[in-house]
Amino acid sequence: MTSPSISVRRVPESAGPLASLLAAVPVTVEETHDDPDDAVLFPEEEAVVANAVAKRRNEFTTVRHCARTALSRIGVPPAPILPGQRGAPRWPAGVVGSMTHCAGYRAAVVARAGEVVSLGIDAEPGEPLRDPGVLDLVADETERAALADLGARQPATPWDRLLFSAKESVYKTWFPLTGRWLGFEEARVDLSSDGTFTARLLVEGPVVEGVEVKVFSGQWVVRDGIAATAIVLPVTKRT
């Protein structure tokens, strides 16, 4: 089973990186500044970051502000969003979602479980990986060869960073479906210059609607200094 894709919509030029990728389903909220005036934590969330440094607390607070804003747009009332197993956010019942943050950018994406099975987003600085050794950890020989070819044709695109981001989005899509760890080496990502990518699982895939999923399909963009990737696995509409 190949994962079906969510259609892309045209968005205003002012839209942020992830909003420029994703359609009306799911809902995307982005923030480029920490501590908006209405960004607050529930007491349960305050306890999670009680001893955190300011940077961690700001990221935690602002990305949850994004998440609650997105939830409100699908009619879900404010609620704590606490880290669960392996740090994955525990969303309200009937909701699927994903959050991400990097320097100068926070975002959350949510959808009703009746519309989307799982999703994963990731944002990274829109520049090459600073440590070349990271690529050896996240990419196999096939992936590195493909990156070299892409780099020769489009040298201005940070392909290694996009590969890293895509694998993060793969994991965030995978984990809610399986509850299991997925190593970088257990999914092979094929980036395309048209802003899409595929990720082939090299281990047993999750079973969705009775069918094993072996491939996730995603999209990528480099915009406003951010390299962002997203995967949305929608519910199959049966006739």
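Calculation notes
Residues numbered from 1 in each chain as written. Predicted model: local features only at pLDDT ≥ 70, side-chain atom pairs only at ≥ 80, totals over all residues. Heavy atoms only, no water. Salt bridge = Lys/Arg side-chain N within 4 Å of Asp/Glu carboxyl O. Helix = DSSP H or I, 4+ residues; strand = E, 2+ residues; numbered from the N terminus. Buried < 20%, exposed > 50% of the residue type's maximum accessible area, 1.4 Å probe, protein only. Contact = heavy atoms within 4.5 Å. Pairing = 2+ DSSP bridges. Axes fitted to C-alpha atoms, helices over the stretch in contact; angles between N-to-C directions.

Draft legend 1. Layout of the pattern of salt bridges. One pass over the full model with this rule turns up twelve salt bridges. The closest approach of N and O atoms between E46 and R57, which form a salt bridge, is 2.8 Å. Of the two residues, E46 sits in helix α2 (residues 43–48) while R57 sits in helix α3 (residues 54–73), which places them eleven residues apart along the sequence. Among the residues examined, R57 registers a relative accessible area of 29% and is labelled partly exposed. Salt bridges here are not isolated pairs; linked through shared partners, they connect E124, E127, R130 and R161.

Draft legend 2. Geometry of the environment of G104. Within the secondary structure layout, G104 lies in the loop between β2 (95–102) and β3 (105–112). On the basis of relative accessible area, G104 is assigned to the partly exposed category, the value being 44%. In this structure the C-alpha to C-alpha distance between G104 and A47, which are 57 residues apart in sequence, comes to 24 Å. Those residues in contact with G104 that sit more than four places away from it in its chain are E31 and T32.

Draft legend 3. Layout of the sheet that holds β3. Pairing in this open sheet of three strands is antiparallel, and the strands run β1-β3-β2 from one edge to the other. Edge positions in the open sheet fall to β1 (27–31) and β2, since each of these has one partner strand only. The average angle at which neighbouring strand axes cross in this sheet is 10°, direction not considered. Two elements, β1 and β3, share five bridges in a ladder whose sense is antiparallel. Within the sheet, the bridge partner assigned to V29 lies in β3 and is A108. Along the sheet, α3 contacts β1, β2 and β3; its crossing angle with β3, the most-contacted strand, is approximately 30°.

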